[in-house]
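A look at the structure
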Amino acid sequence: GSSFANLPDAAVDEIFALNHAYIADAHPKKVNLGIGVYRTAEGKPWPLSSVQKIEEQLSRENDAARHEYLPIEGDTVFTKAARDLMFGFSLDAETPAEKAAKQRIASVQTVAGTGANHIGAAFLAHHYKPKHVWVSTPTWANHHTIWDLQGIERKGYPYFNAETCAFDFENAIATLEAEAEEGDVILLHACAHNPTGVDPTKEQWKAIAELCQRKHIFPFFDSAYQGFASGSLEEDAWAVQYFFNMEPRMEMCVAQSFSKNFGLYGHRTGAFHLITNGSNPAEVGLIEKNLCHIIRGEYSMGPKFGSTIVKRVLADPTLRAQWHDDLAVMSSRLIQMRQALYQELLRLKTPGTWEHIVNQIGMFSYTGLTPGQILAMKEEFHIYLLKSGRISISGLSPTNFAYVAQSIDNVVR
Ligand code: PMP
């Protein structure tokens, strides 16, 4: 007999399955509100202008070493620049305070944000041994998979208030106060929470930080949208930097993705940073060695092309300014599309309240549509969104938002 006939049925990734269904649909008005990738007003992928500059440089240089291996820890010029961006250090000069702060941080290059989440989970599962990992309800579905694969028991803290379509701060805090145990890990979305688009306010972040510090809960930040959410790199990293700068110092970590903010999705560009409390300076080197041990055993090292592009953009003040403009192009188009959809729903007098579409931030909005309505959107109108009611705002354009609004209006009536 065969050995694999009785394998359990593994879950199919909903987002990628939906994308296949969209591609196979021949309807001329079809709309893809599923996958979280940036699209232009014409519905096309958009290579960033700053990124294209580096691609041109690289092809002119025709460097014979361009396909060589990276070190196991990755390109350290890249990981340092990534770190400086995340923690708000100056990219050009270094103050003595910054120098000291950097000595708390162990960094390695990863296979984008997913790989950073994975390396972090694997490292903590081996060397920190949390009893539980707390994830928001709901969260990015891959958080479940990544932590389940490490065998760490998952618990959920309330996050989304379905009545207000806002952050359920009181219930989140109450649950964590009552149930989180010392040494647990809590997964926090640095900004532009996926899938809800709802972030804590600064005051709420401060309360979460205080709780983590007091109860000795280990913050694990997932930062996939820095600069992409608000257009401001500082604003989108506020929570990470607040936790990092707290006294007494907390141990924490950050999984950092460059997929969205550089448009480098397929080039798998990211970093993982583990922050010590600084009490033992020798610790950082040891942490990096152990991270490298895991990386070597799993895939040897991260890929080179994306990290080369990011490090070169970040090293050059002119290109960096151009990148900031690129971020503004993407984030402002998404903010405009939120407005357009919202205004059209108001104009149609669509039953229900829709302010949350403009109050939410980033790539996604949790619409509050029900499973029946979501099915009708797909079957009747060829509009594809996740079963949870999450829509990717980047699938909206000046030519389709009215059709989407009209379809929502139809299915909710
Ligand atoms: N975390 C979150 C919350 C995300 O939304 C994403 C992108 N979908 C990622 C991590 C990682 O994406 P990638 O691996 O492409 O960098």
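Residues numbered from 1 in each chain as written. Predicted model: local features only at pLDDT ≥ 70, side-chain atom pairs only at ≥ 80, totals over all residues. Heavy atoms only, no water.

1. Digging into the overall build of the protein chain
Keep this limit in mind: Secondary structure follows DSSP: runs of H or I at least 4 residues long count as helices, runs of E at least 2 residues long count as strands, and numbering of each begins at the N terminus. For the radius of gyration, the atom set is restricted to C-alpha positions; the globular benchmark scales as 2.2 Å times the number of residues to the power 0.38. Burial here depends on accessible area, computed with a 1.4 Å probe over protein chains only, as a share of the maximum for the residue type. Under 20% is buried, over 50% is exposed, and the range in between is partly exposed. Method for areas: the Shrake-Rupley scheme with a 1.4 Å probe, in which residue coverage is limited to the protein chains shown. Positive charge is attributed to Lys and Arg, negative charge to Asp and Glu, and no charge count is given to His or to the chain ends. Charged side chains are reduced to one point each, which is NZ for Lys, CZ for Arg, CG for Asp and CD for Glu.
Of the regular secondary structure elements, the protein chain holds 16 helices and 13 strands. Since a compact globule built from 413 residues should have a radius of gyration of about 22 Å, the 22 Å found for the protein chain is in line with a globular shape. Across the 413 residues that make up the protein chain, the buried fraction comes to 54%. When the accessible surface of the protein chain is split by element, carbon and sulfur atoms take 54% of a total near 18,700 Å². In the protein chain, 37 positive and 46 negative side-chain charges are present, and the distance between their average locations comes to 4 Å.

2. A word on the packing of aromatic side chains
Given two aromatic rings, their pairing is described by the distance between the two centres and the angle made by the two planes. Spelled out, the test is: When two rings of Phe, Tyr or Trp (its six-membered ring) have centres within 6.5 Å they constitute a pair, described as stacked for plane angles under 30 degrees, edge-to-face for angles over 60, and tilted for the intermediate range.
The tally for this structure, following the rule as stated, stands at 23 aromatic pairs. Taking the centre distance of 4.8 Å and the plane angle of 90° together, the rings of F221 and F243 count as edge-to-face. Taken as a pair, F221 in strand β8 (residues 218-223) and F243 in helix α10 (residues 238-245) lie far apart in primary sequence, 22 residues in all. Comparing F221 with F243, the two get one shared label, buried. Each ring, one from F381 and one from Y403, has its centre 6.4 Å from the other, and the planes form 75°; the classification is edge-to-face. Linking F381 in helix α15 (residues 371-381) with Y403 in helix α16 (residues 401-412), this pair joins segments that are 22 residues apart in sequence. Neither residue differs from the other here; F381 and Y403 are each classed as buried. By way of ring pairs, the aromatic residues Y38, W46, Y225, F228 and F364 are connected into one cluster.

3. Points about the packing of helix α3 (residues 76-87) against helix α12 (residues 305-315)
Worth spelling out the cut-off: To get an axis, fit a line to the C-alpha atoms, keeping to the stretch in contact for a helix; angles then go from 0 to 180 degrees between the N-to-C directions. Each angle receives one of four descriptions, namely roughly parallel if under 35 degrees, roughly antiparallel if over 145, roughly perpendicular if within 65 to 115, and oblique otherwise. Here a crossing is taken to be left-handed if its near helix is turned anticlockwise relative to the far helix by less than a right angle, and right-handed if that turn runs clockwise. By the convention used here, residues are in contact when the closest approach between their heavy atoms is within 4.5 Å. Charged residues are taken to be Asp, Glu, Lys and Arg, nonpolar residues to be Ala, Val, Leu, Ile, Met, Phe, Trp, Tyr, Cys and Pro, and polar residues to be all remaining types, Gly included.
One way to put it is that α3 packs onto α12 with a least axis distance of 9 Å and a crossing angle of 60°. By the angle between their directions, the pair α3 and α12 is classed as oblique. The way α3 lies across α12 gives a crossing that is left-handed. In this structure, α3 uses V77, F78, A81 and L85 to contact α12, whose residues at the interface are S307, V310, K311 and L314. Grouping the amino acids of the contact of α3 with α12 by side-chain chemistry returns six nonpolar, one polar and one charged.

4. Let's talk about the site of the ligand
Stated precisely, the cut-off is as follows: Any residue with a non-hydrogen atom lying within 4 Å of a molecule or strand is treated as near it. Counting of polar contacts relies on pairs of N or O atoms within 3.5 Å, with two restrictions inside protein: one atom must be capable of donating a hydrogen and the other of accepting it, and residues adjacent in sequence are counted only when both atoms are side-chain atoms.
Lining the immediate surroundings of the ligand are 13 residues, of which T114, D222, Y225, S257 and S259 lie closest. Separating an oxygen atom of the ligand from a side-chain N or O atom of T114 is a distance of 2.5 Å. N194 is positioned with one of its side-chain polar atoms (N or O) 2.7 Å from an oxygen atom of the ligand. The fraction of the free accessible surface of the ligand (400 Å²) that becomes covered by protein chains is 90%. The greatest single-element share of the shell around the ligand, amounting to three residues, is contributed by helix α5 (residues 112-127). Grouping the constituent residues of the shell around the ligand by class yields four nonpolar, six polar and three charged.

5. Regarding the side chain of S223
Within the secondary structure layout, S223 lies in strand β8. With relative accessibility at 1%, the residue S223 sits in the buried group. Among all residues touching S223, those that are not within four sequence positions of it are M86, A190, V254, A255, Q256 and S257.

6. Remarks on the nonpolar core
We count it as follows: Each nonpolar core is a collection of buried residues, namely Ala, Val, Leu, Ile, Met, Phe, Trp, Tyr and Cys, held together in the definition by side-chain atoms within 4.5 Å.
Grouped together as the largest cluster of nonpolar side chains are 56 residues, with contacts concentrated most on F262, W323, L341, I383 and I408. The set of elements that each furnish at least two residues to this core consists of α2 (49-61), α3, α12, α13 (317-347), α15 and α16. With nine residues, the top contributor of residues to this core is α13. With sequence-adjacent residues up to four places away left out, I408 is seen in contact with L341, L345, W354, L369 and M377.

7. Points about the pairing of strand β9 (residues 252-257)
Condition: A strand pair is defined by DSSP finding two or more bridges across the two strands.
By the criterion of burial, β9 is predominantly enclosed, with six of the six residues buried. Here β9 shows no split at all, with M252, V254 and Q256 on one side and C253, A255 and S257 on the other all buried. As judged from the four bridges shared by β8 and β9, these two strands associate in the parallel manner. Each bridged residue has a counterpart across the sheet, and for F220 the counterpart in β9 is C253. Taken together, the six bridges between β9 and strand β10 (residues 269-275) define a ladder with antiparallel strand orientation. Bridged to Q256 within β10 is A271.

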